[in-house]
Amino acid sequence: MVLNAQPQRPAPAPETLSYAQAAVRAVQREMDADPRVVVLGEDVGRGGIFGQYAGLQQQFGSARVIDTPISEAAIMGAGVGMALAGMRPIVEMRVVDFALCGMDEIVNQAAKNRFMFGGQGRVPLVARMPGGIWDASAAQHSQSLESWFAHLPGLVVVCPSTPQDNYSLLRSALQSGDPVAYIEHKTLWGSQGTVDEALQIPLGQAAVRRRGSALTMVSWSRQALLCEQACDALAAEGIDVELIDLRSIWPWDREQVLTSCARTGKLLVVHEAVQAGGFGAEIAATAAEATGCRIRRLGAPRIPVGYAPVLEAQSRIGLEAIAAAVRAMLA
């Protein structure tokens, strides 16, 4: 039951929004509906470094959109405390690389509280921590760490790739009642797409971006968009690939993926993160055990992301690499 909730606005007709605007709209709707939803973090008062909170402090005031000191441990710790006290905080980490300074609060407090205290406490917290390669930002600002968070029992992990997903999944995350590592991509904020505010997307439900029979391709976040472009190019060669965008890394949509793998007999998992120990290995192992399909992973080499463009490019999985991997699997 939501106490003192404001009347819900009727959902408007679908419109074109940027990835950042979709996020603002999602937070606005949840703050309107539930006074327990608050935002805290660095730069949130001025709209966030990506514009993902633009105008919200002016609308809801500094008591609900709270600027904090520069201490990720303090920000995350305060968010956990707020959640345990009955609030629903959005904890802004600016980028996932900075969240490492608040890992104890995430790993040992947020993720474990519900289990360790027999469900007496809940931590309905959404930690927004933009991930992925940030153009010309070098090794300390370009990490893809979703597999770290997927490894932690108690956390939900979400990686939206489109404005619609960012709107719908952010709302689902805020309503879930559990701690969510919400990993938006650092370079998607200006990307445009149609957003239907009436569309609800549950956590753990993948999207089939393309239907095909030659091979199953699985990806997420910005890399899923590159995979879609590669699939378009392959279709011109007569190769129809089925592309699945996971959207949620944990829980992930096993049923959708395994059904597709059983039908095509081949699986290619593509992610921007380092291939060694990446979440693609979990998908590959699960598919191998369940279907016996032929499998290949495609991820970044185990090197820090370079600052110079020529070095940064070595960590990127480009269109031609994706297409070449598909051709090799079908040869």
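Before reading further, recall that the structure is shown in the block above.
The rules behind the values
Residues numbered from 1 in each chain as written. Predicted model: local features only at pLDDT ≥ 70, side-chain atom pairs only at ≥ 80, totals over all residues. Heavy atoms only, no water. Pairing = 2+ DSSP bridges. Helix = DSSP H or I, 4+ residues; strand = E, 2+ residues; numbered from the N terminus. Axes fitted to C-alpha atoms, helices over the stretch in contact; angles between N-to-C directions. Contact = heavy atoms within 4.5 Å. Salt bridge = Lys/Arg side-chain N within 4 Å of Asp/Glu carboxyl O. Phe/Tyr/Trp six-rings, centres within 6.5 Å; stacked < 30°, edge-to-face > 60°. Buried < 20%, exposed > 50% of the residue type's maximum accessible area, 1.4 Å probe, protein only. Lys, Arg positive; Asp, Glu negative; His and termini not counted. Patch = residues over 30% accessible without salt bridge, like charges linked within 9 Å, V, L, I, M, F, W, Y side chains within 5 Å. Areas by Shrake-Rupley, 256 points an atom, 1.4 Å probe, with all protein chains shown as cover. Parallel < 35°, antiparallel > 145°, perpendicular 65-115°, else oblique. Left-handed = near helix turned anticlockwise from the far one by under 90°.

A. Region of interest: the sheet that holds strand S10 (residues 215-219). Spatially, 5 strands are ordered S9-S11-S10-S13-S14 in an open sheet, and the strand pairing comes out mixed. Among the strands making up the open sheet, the edge pair consists of strand S9 (207-210) and strand S14 (294-300). If you compare each strand with its neighbour and ignore which way they point, the axes differ by 25° on average. Two strands pair when backbone bridges link them, and S10 and strand S13 (residues 266-274) are joined in this way by 3 bridges, in the parallel orientation. Its bridge partner lying in S13, methionine 217 is registered against leucine 268. Packed onto the sheet, helix H9 (residues 221-235) meets S9, S10, strand S11 (241-245) and S13 and runs at close to 170° relative to S11. Contacts between helix H13 (residues 319-330) and the sheet are confined to S10, S11, S13 and S14, with S14 contributing the most and set at about 160° to the helix.

B. Structural context of the pattern of salt bridges. All told, the structure shown has 23 salt bridges when counted by the stated rule. Among the ionic pairs, aspartate 165 bridges to arginine 247, the shortest N-O distance being 3.1 Å. Of this pair, aspartate 165 sits in helix H8 (residues 163-175) while arginine 247 sits in the loop between S11 and strand S12 (248-250), and the two are 82 residues apart along the sequence. The shortest N-O distance in the salt bridge between glutamate 237 and arginine 327 comes to 2.9 Å. Taken as a pair, glutamate 237 in the loop between H9 and S11 and arginine 327 in helix H13 lie far apart in primary sequence, 90 residues in all. It is possible to trace a salt-bridge network through shared partners that takes in Glu15, Arg25, Arg29 and Glu197.

C. Structural detail: the sheet that holds strand S6 (residues 156-158). Strand order in the open sheet formed by 7 strands is S3-S2-S4-S5-S7-S6-S12, with mixed pairing between adjacent strands. The sheet is open, and its two edges are formed by strand S3 (65-67) and S12, each paired on a single side. Direction aside, neighbouring strands of the sheet carry axes that sit 20° apart on average. As judged from the 3 bridges shared by strand S2 (residues 37-41) and S3, these two strands associate in the parallel manner. Considered in S3, the bridge of glycine 41 is made with aspartate 67. Contacting S2, strand S4 (88-92), strand S5 (126-128), S6 and strand S7 (180-182), H8 runs over the sheet at an angle of about 160° to S7.

D. Structural view of the packing of aromatic side chains. Per the counting criterion, the structure on display carries 6 aromatic pairs. Relative to phenylalanine 279, the ring of tryptophan 250 has its centre 6.4 Å away and its plane inclined at 85°; by these criteria the two rings are edge-to-face. With tryptophan 250 in strand S12 and phenylalanine 279 in the loop between S13 and helix H11 (280-291), the pair connects residues that are 29 residues apart, well separated along the chain. In this structure tryptophan 250 comes out as partly exposed when scored by relative accessible area, which is 30%. Since its relative accessible area comes to 6%, phenylalanine 279 is described here as buried. The interplanar angle of 85° and the centroid separation of 6.3 Å between the aromatic rings of tryptophan 252 and phenylalanine 279 together place this pair among those described as edge-to-face.

E. Inspection of the side chain of glutamate 72 at higher detail. Here glutamate 72 lies in helix H3 (residues 72-84). An unpaired buried charge is present at glutamate 72: no salt bridge exists, and arginine 94, the closest side chain of opposite charge, is 6.1 Å distant. If we skip the residues at most four places from it in the chain, glutamate 72 touches Glu42, Met93, Phe98, Cys101 and Gly102.

F. Geometry of a nonpolar patch on the surface. On the surface, a nonpolar cluster with roughly 410 Å² of combined accessible area is contributed by Phe115, Met116 and Phe117. Here methionine 116 lies in helix H6 (residues 113-116). Residue classification places methionine 116 among the exposed residues on the basis of a relative accessible area of 55%.

G. Broad picture of the environment of serine 144. Mapped onto the elements of the fold, serine 144 is located in the loop between S5 and helix H7 (146-150). Linking serine 144 and alanine 23, residues 121 residues apart in sequence, is a C-alpha distance of 20 Å. Other than its neighbours up to four places away in sequence, serine 144 contacts Gly132, Ile133, Glu272 and Ala273.

H. Expanded view of the packing of helix H10 (residues 254-264) against H11. Between H10 and H11, whose axes approach to 10 Å, the crossing angle comes to 55°. The orientation of H10 relative to H11 falls into the category oblique. The handedness of the crossing between H10 and H11 comes out as right-handed. Between H10 and H11, the contacting residues are Arg254, Val257, Leu258, Cys261 and Ala262 on the first element and Glu282, Ile283, Thr286, Ala287, Ala290 and Thr291 on the second.

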